[in-house]
Amino acid sequence: MQSEFWHERWQTGRIGFHLDRVNPFLQNYWSQMTTSGKGQVLVPLCGKSLDMLWLREQGHDVIGVELSELACNEFFSAQGVDVSVACNADFSVREVDGLALWCGDFFKLPESCYDNVNWVYDRAALIALPAEMRQQYAAELKLKLPTGVSVLLVTLEFESAEGPPFSVSETEVRALYEGRFSVKRLAAEQMEGRGGRQEIESVYLLRDR
Ligand SMILES: C[S@@+](CC[C@H](N)C(=O)[O-])C[C@H]1O[C@@H](n2cnc3c(N)ncnc32)[C@H](O)[C@@H]1O
């Protein structure tokens with residue numbers, strides 16, 4: 001999936017993936033990720049998701065990573081926050097009150113960004129990528145995340161090979177992550193998706209072994 005595809009989606013406002021509310025799976029299942037206090041949450045391919053605000057409200061520091069400058073600007077302007085932009089490696093970085101948005105290619109994120117990560121929240125990141133990139137994405141996380149990290153992963157399954165979003169089965173989640181994490185499907189809900197097709201939205205808890 002080329003970055004141009006996503007830039008164009010943001011420029012033309014074709015962002016049907018964006019929710020104007022906090023994802024209910026996050027609210028319902030975050031407590032299963034964390035029993036101990038506050039920490040840092042990495043949100044890969046974050047768009048301008050309100051989920052990051054919710055995580056911040058729980059007292060966590062948040063690092064979002066997003067390709068689109070437009071998305072990053074819209075995230076802060078929607079909150080009426082003026083934010084300055086700094087440069088770091090291949091990224092522009094906006095940071096306010098423990099919430100940092102790193103704007104650039106996730107696959108080029110400096111290793112130091114992983115140093116203090118306690119949890120990862122992935123909603124519509126893995127499923128935004130075609131099969132080969134999903135492997136690279138999971139490999140990146142397995143390699144760079146510090147010991148003890150857990151991941152809350154939200155995926156979609158449906159009868160089509162087209163995407164994004166791409167259908168990702170439980171079998172694939174296990175194949176991608178079981179090398180390092182135990183994988184538990186916490187819930188699955190059937191829903192009507194694009195064009196009325198039947199989709200299953202699942203939430204997984206991945207725990208470092
Ligand atoms: C399907 S959207 C999901 C956004 C967000 N997680 C949400 O729940 O609304 C995928 C996002 O990933 C971004 N993206 C795609 N490839 C990326 C990459 N290589 N690095 C960083 N962001 C990327 C896109 O611009 C898009 O905003």
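Treat the numbers as computed from the prediction; the structure is a model and nothing was measured.

Trainee: Where do I start with the UniProt feature "binding site: S-adenosyl-L-methionine" (unreviewed entry) in the protein in this structure?
Mentor: The positions that UniProt labels "binding site: S-adenosyl-L-methionine" (unreviewed entry) are, in the present scheme, Trp-10, Leu-45, Glu-66 and Arg-123. Under the relative-accessibility criterion, Trp-10 is labelled buried at 4%. Its place among the elements puts Arg-123 in strand 6 (residues 119-123). Owing to a relative accessible area of 23%, Arg-123 belongs among the partly exposed residues under this scheme. Once residues lying within four places of it in the same chain are set aside, the contact partners of Arg-123 are Phe-17, Leu-19, Asn-23, Asp-51 and Val-154. At 2.8 Å, the side chain of Arg-123 forms a polar contact with the backbone oxygen of Phe-17.

Trainee: In this structure, what is going on with the state of the cysteines? I would like to understand it.
Mentor: Here a disulfide denotes one covalent bond, and it connects the sulfur atoms of two cysteines. Under the counting rule described, the total for this entry stands at zero disulfides. Cys-103 takes part in no disulfide bond, and the closest cysteine sulfur to it belongs to Cys-72, at a distance of 3.8 Å. Residue classification places Cys-103 among the buried residues on the basis of a relative accessible area of 3%.

Trainee: In this structure, what is going on with the pairing of strand 9 (residues 198-208)? I would like to understand it.
Mentor: A regular strand carries its side chains on alternate faces of the sheet. Two strands pair when backbone bridges link them, and strand 7 (residues 150-157) and strand 9 are joined in this way by eight bridges, in the antiparallel orientation. Pairing of Val-154 across the sheet is with Val-203, part of strand 9. Sheet analysis places strand 8 (residues 181-192) next to strand 9, joined by eleven bridges and oriented antiparallel. Note on strand 9: the bridge partner recorded for Ser-182 is Arg-207.

The rules behind each value
- Residues numbered from 1 in each chain as written.
- Predicted model: local features only at pLDDT ≥ 70, side-chain atom pairs only at ≥ 80, totals over all residues.
- Heavy atoms only, no water.
- UniProt positions renumbered as here; feature names shortened; annotations may be inferred.
- Buried < 20%, exposed > 50% of the residue type's maximum accessible area, 1.4 Å probe, protein only.
- Helix = DSSP H or I, 4+ residues; strand = E, 2+ residues; numbered from the N terminus.
- Contact = heavy atoms within 4.5 Å.
- Polar contact = N/O pair within 3.5 Å; in protein donor to acceptor, adjacent residues only side chain to side chain.
- Disulfide = S-S within 2.5 Å.
- Pairing = 2+ DSSP bridges.

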